[in-house]
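What follows is the residue order along each chain.
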Amino acid sequence: MAKTKELSKDTRNKIVDLHQVGKTESAIGKQLGLKKSTVGAIIRKWKTYKTTDNLPRSGAPRKISPRGVKMITRTVSKNPRTTRGDLVNDLQRAGTKVTKPTISNTLRRQGLKSCSARRVPLLKPVHVQAHLKFAREHLDDPDEDWENVIWSDETKIELFGKNSTRRVWRTKNAELHPKNTIPTVKHGGGNLMLWGCFSAKGPGRLICVKERMNGAMYREILSENLLPSARALKMKRGWVFQHDNDPKHTARATEWLRKKHFKVLEWPSQSPDLNPIENLCRELKVRVAQRQPQNITALEEICMEEWAKIPATVCEN
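Residues numbered from 1 in each chain as written. Predicted model: local features only at pLDDT ≥ 70, side-chain atom pairs only at ≥ 80, totals over all residues. Heavy atoms only, no water.

Another aspect to go through is the nonpolar core. If you look at the biggest cluster of nonpolar residues, it comprises 24 residues, and the most contacted ones within it are Trp151, Leu194, Leu284, Leu299 and Cys303. Within the residue set of this core, elements represented by two or more residues are strand S3 (149–157), strand S6 (192–199), strand S7 (202–209), helix H11 (277–291) and helix H12 (296–309). Examining the composition of this core, we find that five residues originate from one element, H11, more than from any other. Here Trp151 is in contact with Trp146, Gly196, Cys197, Phe198, Gln242, Leu265, Trp267, Asn275, Pro276 and Ile277, once residues within four sequence places are set aside. Formed by 19 residues, the second largest nonpolar core is a distinct cluster that contains Ile150, Val209, Met213 and Met217. (Core = buried A, V, L, I, M, F, W, Y, C linked by side-chain atoms within 4.5 Å. Buried < 20%, exposed > 50% of the residue type's maximum accessible area, 1.4 Å probe, protein only. Helix = DSSP H or I, 4+ residues; strand = E, 2+ residues; numbered from the N terminus. Contact = heavy atoms within 4.5 Å.)

As structure tokens, then:
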């Protein structure tokens, strides 16, 4: 049956006016060119609700009962890696047949949405305590202190890299809860390994590491690039150098830094998320990906070009 056109508000009000002066439903219908049943429905609505306006519609009933909503919400709260297919099967066993989009819509109304699980360092209790100690010690450090730090780290850039993802159900601002993350550990290798440094004043030197890095090679990199970077960045007297606690950083390099009287920032283990150079490395990878290098040689050239192009304002941020 074709859907009929809704009567205008003026027409509905006119029906009520004619009814109030004593006209029958048939007479009103003939005068306005409407069916008697339509006129009767408008009059009954006016008598019941004292209005001819459209009333709020309840819509179709929910496919999932309140009890079912509680069940699937409880399930994903206990295990955020539960898939929509798992929930569909759980409800089907309980006697409710629904689709995956219905699951998504229902959980979204509960404040949950499917997101990619964040990758974070695998932390032991000793790491957590070290992080907390570092944060408390530096909580009130002025911005000027951080602007006088040279940050450094190695990063791997793949020519045709593809990052695997996992989706989890979580509430807003809960992306770093342990249940919603994928633990990772640092590892070497890759198509191109780079060492770089920067400060709030801009990027320092970026070096391509051709061989597997060890303590001697790392010390050589520092001796050839750290002081030139500090001079190029015009660091203030008493500037501080930051590197993490990788074993190759804590052997010969530490002794060399001590002999050269460089100040080194004490750094908690397993805390790359504290190092702002991680953000700069991501900036570099985005810029390089946009250039779409096709071989390792081009990848290295583009990395050097894009690193040099990063403006000081990005580093300062």
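The next thing to look at is the sheet that holds strand S8 (residues 240–242). With mixed pairing, five strands are arranged side by side in an open sheet as S7-S6-S3-S8-S9. The open sheet is flanked by S7 and strand S9 (263–264), the only strands paired with a single partner. Pairing geometry for S6 and S7, over six bridges, is antiparallel. In the sheet register, Trp195 faces S7, and the bridge partner there is Ile207. (Pairing = 2+ DSSP bridges.)

Any two side chains of opposite charge can pair, on the condition that their charged atoms come close. Under the defined criterion, the tally for this structure stands at 12 salt bridges. Here Lys9 makes a salt bridge to Asp53, at a shortest N to O gap of 2.4 Å. With a gap of 44 residues between them, Lys9 in helix H1 (residues 9–20) and Asp53 in the loop between helix H3 (36–49) and helix H4 (66–78) connect regions that are remote in the sequence. Residue Lys9 is classed as partly exposed on the basis of its relative accessible area, which comes to 41%. Exposure remark for Asp53: the relative accessible area of 35% places this residue in the partly exposed category. (Salt bridge = Lys/Arg side-chain N within 4 Å of Asp/Glu carboxyl O.)

Interface size is commonly expressed as the accessible area that is lost once the parts come together. Partitioning the protein into structural domains gives domain 1 (9–49), domain 2 (66–110) and domain 3 (142–164 + 189–316). Distance from the C-alpha centre of domain 2 to the C-alpha centre of domain 3: 45 Å. (Domains from an automatic or database assignment.)

Look at H4 against helix H6 (residues 100–109): their axes get within 10 Å of each other, and the N-to-C directions meet at 80 degrees. The angle between H4 and H6 falls in the class roughly perpendicular. The segment H4 lies against H6, with Val69, Ile72, Thr73 and Val76 engaging Ile103, Thr106 and Leu107. A per-class count over the contact of H4 with H6 returns five nonpolar, two polar and no charged. (Axes fitted to C-alpha atoms, helices over the stretch in contact; angles between N-to-C directions. Parallel < 35°, antiparallel > 145°, perpendicular 65-115°, else oblique. Nonpolar A, V, L, I, M, F, W, Y, C, P; charged D, E, K, R; others polar.)

Under the definition given, this model contains five aromatic pairs. Centroid distance Trp146 to Trp151: 5.9 Å. Interplanar angle 20 degrees. Geometry classified as stacked. Relative to Phe262, the ring of Trp239 has its centre 5.4 Å away and its plane inclined at 45 degrees; by these criteria the two rings are tilted. Here the residue Trp239 occupies a position in the loop between helix H9 (215–232) and S8, and Phe262 occupies one in the loop between helix H10 (252–259) and S9, the gap between them amounting to 23 residues. An identical accessibility class is assigned to Trp239 and Phe262; each is buried. (Phe/Tyr/Trp six-rings, centres within 6.5 Å; stacked < 30°, edge-to-face > 60°.)

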